[in-house]
Amino acid sequence: MKKQFLMFTAAAMLAAALAGCSQPTQKSSAQMGYIGEDAAKNMAVTAAQVDAANATFTTASLDEKDGIAYYEVDFTADGTDYRYAIDAMTGAVIESNSGAAQTDGTNTTNTANATTQTGAVDEAKAKQIALDHAGVSESDTSFLMAKLDYDDGVQVYDVEFYVAATASEYDYEIDAATGEIRSYDYDAENYNPSQQNTGSASSETMSEAEVRAIALAKVPGATENDIRMNLDRDDGKLRYEGKIIYEGMEYDFEIDAYSGAIQEWDAESVFD
């Protein structure tokens, strides 16, 4: 009887051990090297220059997009709503938004306009931010406009302008509260490389290394590890099409293979 009991006990222990081995090990955030929710909260309130004691957090959760792990941190402080995306590994601020806190019965449009009138970005400032970023003077534009709008609940200025000398159209989205460029797009319309290249030079294309350098120069800090591109033919013309993903932003571009001129450039957060 005793022998049977010992055999039964040994069998049960072996089964338990085998069952434990069959269960996959789930790594915790700490084991993954992530900073943790509390640290992410501290990073967010520090970036917002807000006293943590005055902040009411509604969200502080781990998420992932395009292979990038981040903490989404939402909180309200002093009548303002804040939303931050904090890199889960480094604690760097990937994206941030802020605006007047919404309450029941509040007129959203009036609240947003009041924010703009009390020190946030106005229409003239939004235009200048876009022009400065593009390296274009207002006198060079044949068309320039800015329109107040909303994107995912955030008040923004949609700024558009056209430069006839280069047949280039620019589109920007500027955060109305902070002046941050949320996204922008550049398009060289009706571009013809043969107009700038004559003789045999028009048939010679730039090397991939040269074109990579042109694209990377537009994104300070980005390296060869952050860029992907390929040579393509469009309407009989050779173009390099590619993408750069760096610090939470995605840049899509088209570059003329003959002259190295950037024909299209689009930038937006990978979290949009």
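Position numbers for residues start from 1 in each chain and track the written sequence from start to end. pLDDT decides what is reported in this predicted model: residues at 70 or higher carry local features, side-chain atom pairs at 80 or more are listed and counted, and totals for whole chains, interfaces and linings draw on all residues regardless. The basis for every side-chain value is the complete set of heavy atoms in the structure, and neither hydrogens nor water enter the calculation.

(A) Structural context of the nonpolar core. Nonpolar cores are built from buried Ala, Val, Leu, Ile, Met, Phe, Trp, Tyr and Cys residues. Side-chain atoms within 4.5 Å join them into one set. Per-residue accessibility, obtained with a 1.4 Å probe over protein chains only, is compared with the maximum for each type, and a residue is labelled buried under 20%, exposed over 50%, and partly exposed between these values. Counting 40 residues, the largest nonpolar core has Val159, Phe161, Ile244 and Trp265 as its most contacted members. We call two residues contacting when some pair of their heavy atoms lies within 4.5 Å. Discounting chain neighbours no more than four positions away, the residues touching Ile244 are Ala215, Leu216, Val219, Ala222, Asp226, Ile227, Met249, Glu250, Tyr251, Phe253 and Trp265. Within the second largest apolar cluster, 16 residues are counted, among which are Val45, Ala48, Ala55 and Ala69.

(B) Main features of the packing of aromatic side chains. Each Phe, Tyr or Trp ring, with Trp reduced to its six-membered ring, pairs with another whose centre is within 6.5 Å; inter-plane angles below 30 degrees give stacked pairs, above 60 give edge-to-face pairs, and intermediate values give tilted ones. Within this structure, the stated rule accounts for nine aromatic pairs. Relative to Tyr184, the ring of Tyr172 has its centre 5.4 Å away and its plane inclined at 15°; by these criteria the two rings are stacked. On the criterion of sequence distance, the pair formed by Tyr172 in strand β7 (residues 168-175) and Tyr184 in strand β8 (residues 181-188) is long-range, its members being twelve residues apart. Here the two residues Tyr172 and Tyr184 agree in accessibility, since each one is buried. Measuring from ring centre to ring centre gives 5.9 Å for Tyr251 and Trp265, while their planes differ by 45°; the resulting arrangement is tilted. Strands are runs of DSSP state E lasting at least 2 residues, helices are runs of H or I lasting at least 4, and numbering of each runs from the N terminus.

(C) Structural view of helix α6 (residues 208-217). Taken together, the buried positions of α6 are Val211, Arg212, Ala215 and Leu216. Here the buried residues of α6 occupy an arc of 135° about the axis, which is enough to place them on one side. Residues Ala209 and Ala217 are exposed on α6 and point more than 90 degrees away from its buried face. Here, the arc refers to the directions that run from the helix axis to the C-beta atoms.

(D) Here's a closer look at the sheet that holds strand β10 (residues 237-246). When DSSP finds at least two bridges between two strands, those strands are taken to pair. In spatial order, the strands read β5-β6-β7-β8-β12-β11-β10-β9; together these eight strands make up an open sheet with antiparallel pairing. Both outer strands of the open sheet, β5 (143-151) and β9 (227-234), are each paired with one neighbouring strand and no more. The average undirected angle you get between the axes of adjacent strands in this sheet is 15°. Contacts between helix α5 (residues 123-134) and the sheet are confined to β5, β6 (154-163), β7 and β8, with β6 contributing the most and set at about 55° to the helix. Throughout, an axis means a line fitted to C-alpha atoms (over the contacting stretch in the case of helices), and angles, computed between N-to-C directions, take values from 0 to 180 degrees. Contacts from α6 reach β9, β10, β11 (249-256) and β12 (262-269) within the one sheet, and its direction differs from that of β9 by about 115°.

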